[in-house]
Amino acid sequence: MSILIQQATILTMKDADAPFTGDIRVEADRITQIADHILPQPQDEIIDGRLKIAMPGLINAHQHTPMSLLRGFSDDLKLMDWLERKMLPAEARMNPEDIYWGSKLSIAEMIRSGSTAFADMYIHMNEIAEAVQQTGIRASLTRGMVFMEDDGGRRLQEAIDLVERWSGAADGRITTMYGPHSPYTCPMEPLLEVIAMAVKGDIPLHIHLAETKEEVVKIRERYGMTPTEYLEEAGMFEQAHVLLAHGVHLNRRDIGRLKGMRGGVAHNPVSNLKLGCGIAPITEMLEQGINVGIGTDGAGSATTVDMFEEIKAATWLQKLDYGDPTRLPAKNVLHMATGGSASLLGLQDEVGILEVGRKADLILIDLAKPHLQPVHEVESLLAYSVNGADVDTTIVNGQILMQGRKLLTIDEEELYREVKVRANRIVEGI
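In this report, the structure presented in the accompanying data block is examined.

Rules of the game
- Each chain carries its own residue numbering, running from 1 in the written order of its sequence.
- In keeping with the model being predicted, local features are shown solely for residues with a pLDDT of at least 70 and side-chain atom pairs are shown and tallied solely at 80 or more, while totals for entire chains, interfaces and linings include all residues.
- Only heavy atoms go into the side-chain values, all of them from the structure, while hydrogens and water stay out.
- Note on conventions: DSSP H or I runs of at least 4 residues are helices, E runs of at least 2 residues are strands, and numbering of each starts at the N terminus.
- One less than the number of residues in a helix, times 1.5 Å, gives the span that helix is expected to have.
- Pairs of residues are marked as contacts when any of their non-hydrogen atoms sit within 4.5 Å.
- Within this scheme a cavity is a closed region of a 1 Å grid, computed over the protein atoms alone, that accommodates a 1.4 Å probe without allowing it to escape, whereas a pocket is open but has protein on both sides within 12 Å along at least five of seven lines; lining residues each have an atom within 4 Å of a point.
- Grid points are joined across faces, edges and corners, and a volume is the space filled by probe spheres set on the points.
- For this classification, the nonpolar set comprises Ala, Val, Leu, Ile, Met, Phe, Trp, Tyr, Cys and Pro, the charged set comprises Asp, Glu, Lys and Arg, and every other residue, Gly included, is treated as polar.
- Any pair of Phe, Tyr and Trp rings, taking the six-membered ring for Trp, is counted once the centres come within 6.5 Å. Such a pair is stacked with planes under 30 degrees apart, edge-to-face with planes over 60 apart, and tilted for the rest.
- Residue exposure (1.4 Å probe, protein chains only): buried if accessible area is under 20% of the type maximum, exposed if over 50%, otherwise partly exposed.
- Any Lys NZ or Arg CZ that is within 6 Å of a ring centre and within 35 degrees of that ring's normal is treated as a charge sitting over the ring.
- Every axis in this analysis is a line fitted to C-alpha atoms, fitted for helices over the stretch in contact. Angles between the N-to-C directions lie between 0 and 180 degrees.
- Working definition: roughly parallel below 35 degrees, roughly antiparallel above 145 degrees, roughly perpendicular at 65 to 115 degrees, and oblique for all remaining angles.
- A clockwise turn of the near helix away from the far one marks a right-handed crossing, whereas an anticlockwise turn of less than a right angle marks a left-handed crossing.
- Think of a nonpolar core as a cluster: buried Ala, Val, Leu, Ile, Met, Phe, Trp, Tyr and Cys residues, connected wherever their side-chain atoms sit within 4.5 Å.
- Our arc is simply the arc of the directions from the helix axis toward the C-beta atoms.
- Two cysteine sulfur atoms make up a disulfide if the distance between them is within 2.5 Å.
- When a carboxyl oxygen of Asp or Glu lies within 4 Å of a side-chain nitrogen of Lys or Arg, that pair is called a salt bridge.

Considerations on helix 4 (residues 154-166)
In an α-helix there are 3.6 residues to a turn, and that puts residues three or four apart on one side. The end-to-end C-alpha distance of helix 4 is 18 Å, a good match for the 18 Å that 13 residues give at a rise of 1.5 Å each. Summarising the contacts, the buried residues of helix 4 are in contact with helix 3 (125-135), strand 8 (138-145), strand 9 (174-180) and helix 5 (188-201). Gly168, located one to two residues past helix 4, shows a positive phi value of around 80°.

Shown next as structure tokens:
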């Protein structure tokens, strides 16, 4: 089957390309033509692109998908209260089936709000992989590993099993990483072991870094260095591709240590705002040539996994922090949410821009709405006015996952029934 999108406003996200009106043909899992006009073929499924923007799908560079079951359960609390009184007790009650349905709920929200790929770190990753496989979305999956107590190597073996079983699965939509959770939960010896495994197998790493001031204090007291210096001491940035989540509390020397690294930083502005963690120095990172993408973090903290809300928050925070409205302009922050995040997932050659030969991961934004008219600057409209509910169509790997706001690979009635029962059981009495 092939898909022909006709007469959309096309934003390729290639640096030199201005938005233009044209057609896009998708055959199998690839974009095969982009032109002003493309002659329809009998096998084409025609999509009317008039009054719609076609752009690369957004890529959520840091997520904990099953935490959607805990949305709105622990709001307006300080971080440690949020974690110790609410999150950890609730997560301890989750069984593998809960993980499956929670991840499916996040995936449904992501497809509905224009995300075509995401990076996840959690437990029971086989269940999350199954949800990815069934729903048609693209994902980089990571078994989070905490090494503060001896578990007989169980977490490490689960991480290895995930990589061996799921790398390249689901028609290539699933990739994998190794996930040492954070500097403060990973002593040096097991951290060195995971880094060596990653380098030997050419597997990327996904780790939290400097999300809170408390983390910086812990690592300083424990090792006499910053969290970034600790990871540098372990050799994490020498050969491995690394996805660093958050990076809120980095000083200038820390940023300098990240310069030239493979991978980069996943900025999670809404979660950082909501938990009062701080404003990440994104502008300085970008000025040093460090790649920065955007993620939502889990819905347990961010509440929503709508990447368009993250785009707004990211640019507004930098403008506010510097008192300068020229900081992080619309086109730059859109690049972070597409090409920047694609590079964090190691998918920069496949997705993140619309180009012939690349994977067909794209979305259509419906402009027939009062808050999206008139259209003066397409990039400004996308960055500052669009929200996830404006996404009309989501296509991943050449498969239509949503069209006309209707999900095609997820039974929403069944999903909501399952989620209600499971969420109520998990939080009861906490």
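Further notes follow.
Overview of the layout of surface pockets
Its volume calculated, the largest pocket comes out at about 960 Å³. Put simply, the parts of the chain that give the lining of the largest pocket at least two residues each are helix 1 (79-92), strand 7 (115-122), strand 8, helix 4 and helix 6 (213-223). Among the elements that make up the lining of the largest pocket, the one with the highest residue count is helix 1 (eight residues). Residue composition of the lining of the largest pocket, grouped by class: 16 nonpolar, 10 polar and 10 charged. Around the second largest pocket sit Met13, Asp15, Leu286, Ile290, Asn291, Val292, Lys331, Asn332, His335 and Met336, which together line it. When residues in the lining of the second largest pocket are grouped by element, the largest group, four residues, is from helix 14 (residues 330-344). Each residue belonging to the lining of the second largest pocket can be placed in one class, and the counts come to five nonpolar, three polar and two charged.

Section: the packing of aromatic side chains
Using the criterion set out here, one finds two aromatic pairs in the structure. Plain terms: the ring middles of Tyr100 and Trp101 are 5.1 Å apart, the flat faces sit at 85° to each other, and that makes the pair edge-to-face. Each of the two residues, Tyr100 as well as Trp101, counts as buried. Ring geometry for Tyr223 versus Tyr230: centroids 4.4 Å apart, planes at 25°, classification stacked. Since its relative accessible area comes to 28%, Tyr223 is described here as partly exposed. Over the face of the ring belonging to Tyr322 we find Arg327, whose NZ or CZ atom lies 3.9 Å from the ring centre.

Considerations on the packing of helix 2 (residues 96-112) against helix 3
Between helix 2 and helix 3, the least distance of the axes is 8 Å, while the angle of their chain directions is 40°. Comparing their axes, helix 3 and helix 2 come out oblique. Here helix 2 runs over helix 3; the crossing is right-handed. Here Pro96, Ile99, Tyr100, Ser103, Lys104, Ile107 and Ile111 of helix 2 come into contact with helix 3, specifically with Glu127, Ile128, Glu130, Ala131, Val132, Gln134 and Thr135. Split into classes, the residues belonging to the contact of helix 2 with helix 3 amount to eight nonpolar, three polar and three charged.

Quick look at the nonpolar core
Ranked by size, the top nonpolar core spans 110 residues in total, and within it Leu141, Tyr178 and Leu244 carry the most contacts. The element that contributes the greatest number of residues to this core is helix 2, accounting for eight residues. Look past the residues within four positions of Tyr178 in its chain and what remains in contact with it is Thr142, Met145, Ala159, Ile160, Val163, Val194, Met197, Ala198, Ile203, Pro204, Leu205 and His206. Counting 15 residues, the second largest nonpolar core, distinct from the first, contains Ile10, Ile47, Ala54 and Ile395.

Points about the side chain of Ser341
Here Ser341 lies in helix 14. Beyond its immediate stretch of four places on either side in the chain, Ser341 contacts Ile59, Ala61, Gly293, Ile294 and Met336.

With respect to the environment of Gly398
In this fold, Gly398 is placed in the loop between strand 15 (391-396) and strand 16 (399-403). Using a relative accessible area of 12% as the deciding quantity, one classes Gly398 as buried. Distance in space between the C-alpha atoms of Gly398 and Asp29 is 4.1 Å, their sequence separation being 369 residues. The contacts of Gly398, once residues within four sequence positions are left out, are Ile3, Val26, Ala28, Asp29 and Ala360.

A closer look at unusual backbone geometry
With an omega dihedral of -5°, the bond running from Gln373 to Pro374 counts as a cis peptide bond. Among the structural elements, Pro374 can be located in the loop between strand 14 (362-366) and helix 15 (378-384). Phi is positive for Asp171, close to 60°, though the residue is something other than glycine. With respect to the element layout, Asp171 can be found in the loop between helix 4 and strand 9.

Some thoughts on the environment of Thr283
Topologically, Thr283 is positioned in helix 11 (residues 282-287). Taking the C-alpha atoms as reference points, Thr283 and Lys319, 36 residues apart in sequence, are found 9.8 Å from one another. In this structure Thr283 touches Gln318, Tyr322 and Arg327, once residues within four positions along its chain are discounted.

Focus on helix 3
Listed in full, the buried residues belonging to helix 3 are Met125, Ile128, Ala129, Ala131, Val132 and Thr135. One side of helix 3 holds all its buried residues, which, seen down the axis, span an arc of 160°. Buried residues belonging to helix 3 abut helix 2, strand 7, strand 8, helix 4, strand 9 and strand 16. Directly after helix 3, the chain includes Gly136, whose backbone phi takes a positive value near 95°.

A look at the state of the cysteines
Applying the stated rule across the entire model yields zero disulfides. Distance from the sulfur of Cys277, which forms no disulfide, to the nearest cysteine sulfur (Cys186) is 19 Å.

Details of the pattern of salt bridges
Considering all chains together, one arrives at 28 salt bridges under this definition. The partner of Asp75 in a salt bridge is Lys274, with the nearest N and O atoms 2.5 Å apart. With Asp75 in the loop between strand 6 (58-63) and helix 1 and Lys274 in helix 10 (residues 269-274), the pair connects residues that are 199 residues apart, well separated along the chain. Of the charged contacts, one joins Glu229 and Arg257 as a salt bridge, the two residues approaching to 3.3 Å between their closest N and O atoms. With Glu229 in helix 7 (residues 227-233) and Arg257 in helix 9 (residues 252-258), this pair connects stretches of sequence that are 28 residues apart. One network of salt bridges, with partners in common, ties together Glu97, Asp98, Glu418, Arg422 and Arg425.

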